[in-house]
Amino acid sequence: MMPFPGGIEANANATLLFSFVAAVIYAFALDMPPKWTRTAAKTLAVAFLAVLAATQGGPLLLVAALGLSAVGDAFLSRDGEKAFLGGLASFLAAHFVYVALFVRVGGGLDLLIAESWRGAIALAMAAFGILMLAALWRRVGPQLRVPIAVYVAAILAMGISALTTGNAWVIAGAVLFIASDGLLAAERFLLAAISPHRVWMRYAVWVLYYAAQLAITLGILLA
């Protein structure tokens, strides 16, 4: 059953299917050496979600956040510190845009106090961010400490702002996004180079990340 009217032949559902196919292709190519074909699959998975948001009349902020995320995916599909920093900057911008979007559709920070489950999740997010930053601070070079600290603050702001919305899909997407980034940081900076856990963690990062973007996109568009 497709989420938009018109069945598989509808443009919205076809675009969503193209996005999913690109995500699956990238999953199969994940352990291959960096190539432009792999970069294209990773980039198109979320780029198609941006197209979907644009064609379905979604908020411009959603389109922008997904577009910036696709740029970040293109950077992170390549090797090297410059590519990593490019991806970090792109996703940092995407998180700021998501914060603006969630603040716009949300009910304000008072909800975190009014409903205890929201406040509990916000505290858990903050604790996770602090622990992750403390672990990374000792393992990364001085040139990466400030960018990573700013990024952690941004993704926490994204998660907490998502909690102010009444949209379960958006909240779930934000939680999945934080989990994906936490695994990515652990795999890249905390694990030994020969750790056997690197393989499953790379797949988990991608699955959680794509599920996060998909949940946020559909949560906003179908609200």
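See the structure shown above.
Residues numbered from 1 in each chain as written. Predicted model: local features only at pLDDT ≥ 70, side-chain atom pairs only at ≥ 80, totals over all residues. Heavy atoms only, no water.

**Looking at the nonpolar core**
Under the convention used in this document: Only buried residues count toward a nonpolar core, which is a set of Ala, Val, Leu, Ile, Met, Phe, Trp, Tyr and Cys residues joined through side-chain atoms within 4.5 Å. In this scheme, a residue with accessible area under 20% of its type's maximum is buried, one over 50% is exposed, and one in between is partly exposed, where area comes from a 1.4 Å probe on protein chains only. Helix and strand labels come from DSSP, where a helix needs a run of H or I of at least four residues and a strand needs a run of E of at least two; each type is numbered from the N terminus. Here a residue-residue contact requires only that any non-hydrogen atoms of the pair lie within 4.5 Å.
In terms of nonpolar packing, the biggest core is built from 57 residues, with L62, L66, Y98, F102, M158 and F177 touching the most fellow members. For this core, the element with the highest residue contribution is helix 7 (residues 142-163), accounting for 9 residues. The contacts of F102, once residues within four sequence positions are left out, are M158, S161, A162, T164, T165, V170 and I216.

**Notes on the pattern of salt bridges**
Short version of the rule: Note on definitions: salt bridges are taken to be side-chain nitrogens of Lys or Arg within 4 Å of carboxyl oxygens of Asp or Glu.
What the rule picks out here adds up to 4 salt bridges. A salt bridge links D31 to R202, with the nearest nitrogen and oxygen atoms 3.2 Å apart. Of this pair, D31 sits in the loop between helix 1 (11-29) and helix 2 (36-55) while R202 sits in helix 9 (residues 197-221); the two residues are 171 residues apart in sequence, bridging distant segments of the chain. A salt bridge links R118 to E115; the nearest nitrogen and oxygen atoms lie 3.0 Å apart.

**A word on the layout of surface pockets**
Put simply, the rule reads: Detection works on a 1 Å grid of protein atoms alone, calling trapped sets that fit a 1.4 Å probe cavities and calling open sets with protein on both sides within 12 Å along at least five of seven lines pockets, with lining residues defined by an atom within 4 Å of a point. Grid points are joined across faces, edges and corners, and a volume is the space filled by probe spheres set on the points.
Considering only enclosed or pocket space, the largest pocket measures out at about 830 Å³ in volume. Around the largest pocket, the lining comprises 39 residues; the ones closest to its centre are L76, L184, E187, R188 and V205. Mapped onto the lining of the largest pocket, the elements with two or more residues apiece are helix 2, helix 3 (60-76), helix 4 (81-105), helix 6 (116-137), helix 7, helix 8 (168-190) and helix 9. Considering every element that reaches the lining of the largest pocket, the biggest residue donor is helix 8, with 10 residues.

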